[in-house]
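Spelled out from the first residue to the last, the chains are:
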Amino acid sequence: YAYRNSDVPVIHDVNLTLEEPGLYCIVGPNGVRKSTMIKCINRILKPTTGSVLLDGTDVQHMKLRDLADRIGYVPVKAVDVFSMPVLDSVLLGRQKGNKWKTTDRDVEIATRVLGMMGISDLAMRSSNQLSAGQNQKVAICRGIVQEPEVLILDEPTANLDVKHQVYVTELLRALAIEEGMIVLMISHDLNIAARYAHCIILMKDGTIEKVGTPLEVITKENVRDVYEVDCDIEYKDGRPHVVLDSVLS
């Protein structure tokens, strides 16, 4: 993919196949085009070369309402343009295709997901009265209630404190397992990604550097090469934990 009026690709040589349900974490330094890649996957951006296939069908050839039925998306910053009760904001995720009628099942699903996220008490609160972290949780709920086959999240824990970063990541992992869903999220916390992801996708300079289990990807050599920092790797429950040392000079 290249930006308009430029022939220089900002992402290139990307070859990625996701087949099994699970939590997939995309990691990498700032500016390696993680968000650009996921926007190509869900058709917000159109690749200048190559294609994105969903069960063998190019997403560029799918109707947007059909794509929305199968791929959910939670942007890094999602704030309601118009103030509305949180429950209504979450219910927007149920309005797919030409469906504009809210059913009892829609309300039941939205209420259950608010409970899963631990924000049932906010259901009737106006969305313009929420903190950044609360708005982030509402946006994640809106993506989950779509019940998509693939849920894509751009830094879903960006505005959350450590406790809620862990809680939300655990929830997304459980959702992937229990619902048989592919959950693809961008994360800037290597240790949270290493702790909970089934698979890690490490990006560098606009391309995918490594794909594999946390043990395969989170190594001293890879962290040094991609992030330009020295570190030690400790292990807990068979998963790596990065202990940063110093920035390379």
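All figures in this text were calculated on a predicted structure; none of them were measured in a lab.

Each value, and the rule that gives it
Residues numbered from 1 in each chain as written. Predicted model: local features only at pLDDT ≥ 70, side-chain atom pairs only at ≥ 80, totals over all residues. Heavy atoms only, no water. Helix = DSSP H or I, 4+ residues; strand = E, 2+ residues; numbered from the N terminus. Polar contact = N/O pair within 3.5 Å; in protein donor to acceptor, adjacent residues only side chain to side chain. Salt bridge = Lys/Arg side-chain N within 4 Å of Asp/Glu carboxyl O. Buried < 20%, exposed > 50% of the residue type's maximum accessible area, 1.4 Å probe, protein only.

A. Expanded view of the side chain of Gln-95. Its place among the elements puts Gln-95 in the loop between α3 (86-91) and α4 (104-116). Of note is the side chain of Gln-95, whose polar atom sits 3.5 Å from the backbone oxygen of Leu-91. At a separation of 3.3 Å, a polar atom in the side chain of Gln-95 contacts the side chain of Thr-102.

B. Summary view of the pattern of salt bridges. Scanning the entire structure with this criterion turns up 9 salt bridges. A salt bridge links Asp-232 to Lys-220, with the shortest nitrogen-to-oxygen separation between them at 3.7 Å. Residue Asp-232 is located in strand β9 (residues 229-236), and its partner Lys-220 is located in helix α9 (residues 220-227); the two are separated by 12 residues in the primary sequence. Looking at Asp-232, the relative accessible area reads 42%, which means it is partly exposed. Classification of Lys-220 by relative accessible area gives partly exposed; the value is 41%. Through salt bridges with shared partners, one network takes in Arg-94, Arg-105, Asp-106 and Glu-147.

C. How the structure looks around unusual backbone geometry. Even without being a glycine, Arg-33 presents a positive backbone phi close to 75°. By relative accessible area, Arg-33 is classed as partly exposed at 32%. For Glu-155, which is not glycine, the phi dihedral falls at a positive 50°. Within the secondary structure layout, Glu-155 lies in the loop between β5 (150-153) and α6 (162-179). With a relative accessible area of 22%, Glu-155 lands in the partly exposed category.

Shape descriptors only; they carry no functional weight alone.
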